[in-house]
Amino acid sequence: MTLHKKITSAPKADLHVHLEGTIEAAMMFDLAARNGVTLPWASVAELHAAFGFRNLPQFLEIFYAGLQVLRTERDFFDVTYAFLKRSAADNVVYTEIHFSPQGHLERGVTWTEMMDGILGAATKAERELGIRARPILGLQRHRSEEDALKVIDAALPWKQDIVALGMGGAELGNPPSRFVNAYARARELGWKCTCHAGEEGPHGYVTEALDLLKVDRIDHGIRSIDNPALVARLARERMPLTVCPYSNVRLQAVPALASVPLIELLDAGCLATVNTDDPSYFEAYLNENFLGTARALNLTEVQTRTLIENGFKGAFLDEGQCTAYL
Ligand code: ADE
Ligand code: ZN
């Protein structure tokens, strides 16, 4: 069997994806029309033309404009289900999906609308497509910790449905240390914790996420490569890193796929995984992230297999549930 076939046919996990980063352009315009939302782009072609991202903050402006089309339970259902269907076509069988409540609540969307839509689609997709999806409450780090704590408290009726606390948004200038109390609260609630760190920000933010937020996983984490002692620590602690190769290229965190430090991380013994981040904006779902990376880095079959298995080992699953996927 070719490596291509081995990648595409293998059951896989996507541990780092933002629901709002899965809205395909055509669906975005459909939802905008359905909800009477005016987008800053006149057409799908114009939106696609805006996809030449310079960096994370400039991408986030577009991401925040696009998510405005999500208004109702049906919208959350449709977008979640469409993503799960597309992922199932790549043989993704398990995914943990960040969603950004702060970007919706401020527009009058309710928690019930968000959660009923997301969980309803997850239930249907598990039954009909054999893919399991669990939501991660994704904080926006440019907002205050006070707002983060409010959002966490408002999520309490869905405490059992939410698998973890996460945090994304503009990284530089918003270090993990700003959110120590929010993460402490999440841990009190029994949630797992993850945090974007070392994407555009320095390796010191990864260390802060480990030491101050006591996270169970690091999202991205590629800048850890600048600190060999940190890489050794990540390996020793078997800390999962959710690397998103196409995201790193599109947001110019690295110059090319060949520069994504997956081999270095694997060679050091790190639990590195491959994920999508915002697949509709970066125009690469999970298979393409694996295939593109395998091509660019000339990955061996063993390295590819390890990355696929790490997707399950890094998931917020207990050992028995994880083993069942391997
Ligand atoms: N939100 C959506 N995509 C993101 C990324 N790549 N980094 C930080 N926050 C995000
Ligand atoms: Zn992300």
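Scroll up to find the structure.
Residues numbered from 1 in each chain as written. Chains lettered and ligands numbered in written order. Predicted model: local features only at pLDDT ≥ 70, side-chain atom pairs only at ≥ 80, totals over all residues. Heavy atoms only, no water.

## A word on the side chain of serine 87
Heads up, the rule is: Working definition: helices are DSSP H or I runs of at least four residues, strands are E runs of at least two. Numbering for both runs from the N terminus. The criterion used for residue contact is that any of the two residues' heavy atoms lie within 4.5 Å.
Considering the arrangement of structural elements, one finds serine 87 in helix α5 (residues 73–89). Filtering out sequence-adjacent residues up to four positions away, serine 87 remains in contact with Val92 and Ile131.

## Topic: the coordination of the zinc ion (ligand 2)
Octahedral metals with six donors have ideal donor angles of 90 or 180 degrees. Tetrahedral metals with four donors have an ideal donor angle of 109.5 degrees. Defined as follows: Only nitrogen, oxygen and sulfur atoms count as donors, using a 2.8 Å cut-off from the metal that widens to 3.2 Å for Na, K and Ca. Water is left out, so coordination shells may look unfilled. Think of it this way: with four donors and all angles in the 85 to 135 degree range, the site is tetrahedral; with four or six donors, opposite ones beyond 155 degrees and the rest between 65 and 115, it is square planar or octahedral; otherwise it is irregular. Three exposure classes are used, based on accessible area relative to the maximum for each residue type with a 1.4 Å probe and protein chains only: buried under 20%, partly exposed in between, and exposed over 50%.
Looking at the zinc ion (ligand 2), the protein donor atoms are His16 (NE2), His18 (NE2), His196 (NE2) and Asp277 (OD), and they sit 2.0 to 2.2 Å from it. For the zinc ion (ligand 2), the 4 donor atoms are set out with angles of 83 to 169° between them, so the coordination reads as irregular. Using a relative accessible area of 10% as the deciding quantity, one classes histidine 18 as buried. Overall, the relative accessible area of 2% leaves aspartate 277 in the buried class.

## Re the site of ligand 1
Stated precisely, the cut-off is as follows: A single heavy atom is enough: if one lies within 4 Å of a molecule or strand, its residue is considered near that molecule or strand. Polar contacts, as used here, are pairs of N or O atoms within 3.5 Å; protein pairs need one atom able to donate a hydrogen and one able to accept it. Residues neighboring in sequence count only if both atoms are side-chain atoms. We get accessible surface area from the Shrake-Rupley algorithm with a probe of 1.4 Å; when it comes to residues, only the shown protein chains can shield them. Under the convention adopted here, Pro, Cys and the residues Ala, Val, Leu, Ile, Met, Phe, Trp and Tyr are nonpolar, Asp, Glu, Lys and Arg are charged, and Gly plus all remaining residues are polar.
Lining the immediate environment of ligand 1, one finds 14 residues, of which Gly169, His196, Glu199, Asp277 and Asp278 sit closest. Here a nitrogen atom of ligand 1 sits 2.7 Å away from a polar atom, N or O, in the side chain of glutamate 199. Interatomic distance of 2.7 Å between a side-chain N/O atom of aspartate 277 and a nitrogen atom of ligand 1. Protein contact buries 98% of the 260 Å² of open area that ligand 1 shows by itself. Tallying contributions element by element places helix α4 (residues 56–66) first for the shell around ligand 1, with 4 residues. Residue classes in the shell around ligand 1 are distributed as 5 nonpolar, 6 polar and 3 charged.

## What to know about the packing of helix α10 (residues 203–211) against helix α11 (residues 228–236)
To be explicit about the condition: Axis definition: a line fitted to C-alpha atoms, limited for helices to the stretch in contact. Angles are taken between N-to-C directions and run from 0 to 180 degrees. Crossing handedness is read from the near helix: turned anticlockwise from the far helix by less than a right angle, it gives a left-handed crossing, and turned clockwise, a right-handed one.
Packing of α10 against α11 leaves a shortest axis separation of 10 Å and a crossing angle of 35°. The chirality of how α10 crosses α11 is left-handed. Contact residues: His203, Val206, Thr207, Leu210 and Asp211 in α10; Leu230, Arg233 and Leu234 in α11. Here the contact of α10 with α11 is composed, by residue class, of 4 nonpolar, 2 polar and 2 charged.

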